[in-house]
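The chain contents come next:
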Amino acid sequence: MKIIYIALLSSLLSFALSSQAIDGAFAFDTDPAKKYSIYVPSSYDDAIPNSMMLGFHPLNTSRWDAKSWRDTLIVFAEDNGLLLVCPDGGPDGRVDDSIDTSFTTVLLDSMNVWYNIDQDEKYIMGFSWGGKTTYSYGLRRTSQFQGYLIIGAAITLNEVVDVMPNATDEAFYLVHGSNDTPSTRYEPLLAALDGVQACTNSILMQGVGHTIDFPNRNEILNDAYNWLKETNCESSSTTTIENKVTIYPNPTTHNVTIEGIAINEENLIVTDLWGRAISYEVNQNSILLDADFGGTVLITILSNNKPLIKKIVKL
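Residues numbered from 1 in each chain as written. Predicted model: local features only at pLDDT ≥ 70, side-chain atom pairs only at ≥ 80, totals over all residues. Heavy atoms only, no water.

Observations concerning the sheet that holds strand β12 (residues 280–283)
One open sheet holds the four strands; their spatial order is β9-β10-β13-β12, and the pairing between them is antiparallel. Bordering the open sheet on either side are β9 (246–248) and β12, each of which pairs with just one other strand. Between one strand axis and the next, the sheet turns through 20 degrees on average, direction left out of account. (Pairing = 2+ DSSP bridges. Helix = DSSP H or I, 4+ residues; strand = E, 2+ residues; numbered from the N terminus. Axes fitted to C-alpha atoms, helices over the stretch in contact; angles between N-to-C directions.)

A closer look at the sheet that holds strand β5 (residues 117–127)
Read across the sheet, eight strands follow the order β1-β2-β4-β3-β5-β6-β7-β8 without closing on themselves; strand pairing throughout is mixed. Because the sheet does not close on itself, it has two edges, and the strands there are β1 (20–28) and β8 (199–205). Along the sheet, successive strands turn relative to each other by an average axial angle of 20 degrees, direction set aside. The pairing of β5 with strand β6 (residues 147–151) spans five bridges and is parallel. When the bridges of β6 are listed, Tyr123 appears paired with Gly147. The sheet strands contacting helix α5 (residues 129–138) are β3 (50–56), β5, β6 and β7 (171–177), and the helix crosses β5 at an angle near 140 degrees. Contacts from helix α7 (residues 187–195) reach β7 and β8 within the one sheet, and its direction differs from that of β8 by about 165 degrees. (Contact = heavy atoms within 4.5 Å.)

Quick look at the nonpolar core
By size, the foremost hydrophobic cluster in this structure holds 46 residues, and its most contacted members are Tyr135, Met164 and Phe172. If you tally residues by element for this core, the top one is helix α4 (residues 98–114), at five residues. In this structure, Ala66, Ala171, Met205 and Phe214 belong to the second largest nonpolar core, which totals 30 residues. (Core = buried A, V, L, I, M, F, W, Y, C linked by side-chain atoms within 4.5 Å. Buried < 20%, exposed > 50% of the residue type's maximum accessible area, 1.4 Å probe, protein only.)

Quick look at the pattern of salt bridges
For the coordinates displayed, the defined rule picks out 11 salt bridges. We note a salt bridge from Glu121 to Lys229, for which the minimum N-O separation is 3.3 Å. Here Lys229 lies in helix α8 (residues 217–230) and Glu121 lies in strand β5, a separation of 108 residues in the sequence. A relative accessible area of 15% means that Glu121 is categorised as buried. With a relative accessible area of 34%, Lys229 lands in the partly exposed category. The partner of Lys132 in a salt bridge is Glu159, with the nearest N and O atoms 3.1 Å apart. Placement of Lys132 in helix α5 and of Glu159 in the loop between β6 and β7 is noted, with a sequence separation of 27 residues between them. Put simply, Asp23, Lys67, Arg70 and Asp71 are held in one network by salt bridges that share partners. (Salt bridge = Lys/Arg side-chain N within 4 Å of Asp/Glu carboxyl O.)

Thoughts on the packing of aromatic side chains
Tallying each qualifying case throughout the model produces 14 aromatic pairs. Consider the rings of Tyr135 and Phe172, whose centres lie 6.1 Å apart with planes at 20 degrees: the pair is stacked. Of this pair, Tyr135 sits in helix α5 while Phe172 sits in strand β7, placing them 37 residues apart in sequence. On the accessibility criterion, Tyr135 (1% relative accessible area) is buried. Grouping aromatic residues by their ring pairs yields a cluster made of Phe56, Tyr135, Tyr137, Phe145, Tyr148 and Phe172. Here the guanidinium or amino end of Lys34 rests over the ring plane of Phe103, the centre of that ring lying 5.3 Å away. Seen from the ring of Trp129, Lys132 lies directly overhead, with NZ or CZ sitting 3.5 Å from the centre. (Phe/Tyr/Trp six-rings, centres within 6.5 Å; stacked < 30°, edge-to-face > 60°. Lys NZ or Arg CZ within 6 Å of the ring centre and 35° of its normal.)

What about the environment of Asn201?
By secondary structure assignment, the location of Asn201 is in strand β8. In the structure, Asn201 is positioned 137 residues away from Trp64 in sequence and 27 Å away in space, judged by C-alpha atoms.

A short note on α7
Buried within α7 we find Pro188, Leu189, Leu190, Ala191, Ala192 and Leu193. For α7, the elements touching its buried residues are α5, β7, α6 (182–185) and β8. Among the residues trailing α7, Gln197 stands out with phi positive, at a value near 65 degrees.

With respect to the pairing of strand β4 (residues 83–87)
In terms of burial, β4 is a largely internal element, five of the five residues being buried. Covered by surrounding structure in β4 are Leu83, Val85 and Pro87 together with Leu84 and Cys86, the residues of both alternating faces. Judged from the four bridges that link them, strand β2 (residues 31–40) and β4 form a sheet pairing that is antiparallel. Residue pairing across strands places Ser37 opposite Cys86, the latter belonging to β4. In this sheet, β4 lies alongside β3 in parallel orientation, the contact comprising three bridges. Paired with Leu54 across the strands is Val85, a residue of β4.

What follows is the structure, given as structure tokens:
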């Protein structure tokens, strides 16, 4: 028994010495000491590029900040050999305030200096308000992240509908509870992601509410991360001139004019975000949408049966 005890103690000491939980801060904008927390897994080798996860914490300041969120995810990060970096949302806990998103960007740049990070293996995750920020921050920076792990996002589709087209060919894994308003926070978001041809996977956990303390949490997060890591979402080569095309006005009163391209009705698809067809008429480079339809439409113009333009338009 003594030998087993000594061996176990030696193993624990080795783990403690090789892994690191770091809490730091630096002056940023109006905050003289803006906080962050990092976890360095025991497998980290400075000579080898390492995978990294950006983690956004929830809103409730009585429980959550960068440190408590990092500590919640340590086993997950260690299991997957992930450098974990968690920016702090400050006194109000909102990790998507302008100061916080700017700080996050600077913190990520700093991580590239402090550690050897594989630039093709950077991921982003969050729970609750952090899940919402995973959408809003990540979809504005899709070139930086390999995948998005979104847990119980406290969000409505309207909050990210403007950046949803950026999700095309991006990998998303949604983890949500069946008692956590899925008809608002989960189903519309998953449908919208599928509507813009994102790569998606998800789990709707039965009987689970708005919590990170759900059964088998680490196993579920491990499965989600490994799916994101292994999924290849790159579509076949498609030429897009989306940035050369202006759709206006947006929001619109059902009449959408597209500059720079004549619309061929045979190559036009107009749907809602659930993929249901919306009736319309075409006149050269203008689309008249069904006046009885209120909501948001996805306009797709094809070239050689591949998306040339894909835009979300609010009505």
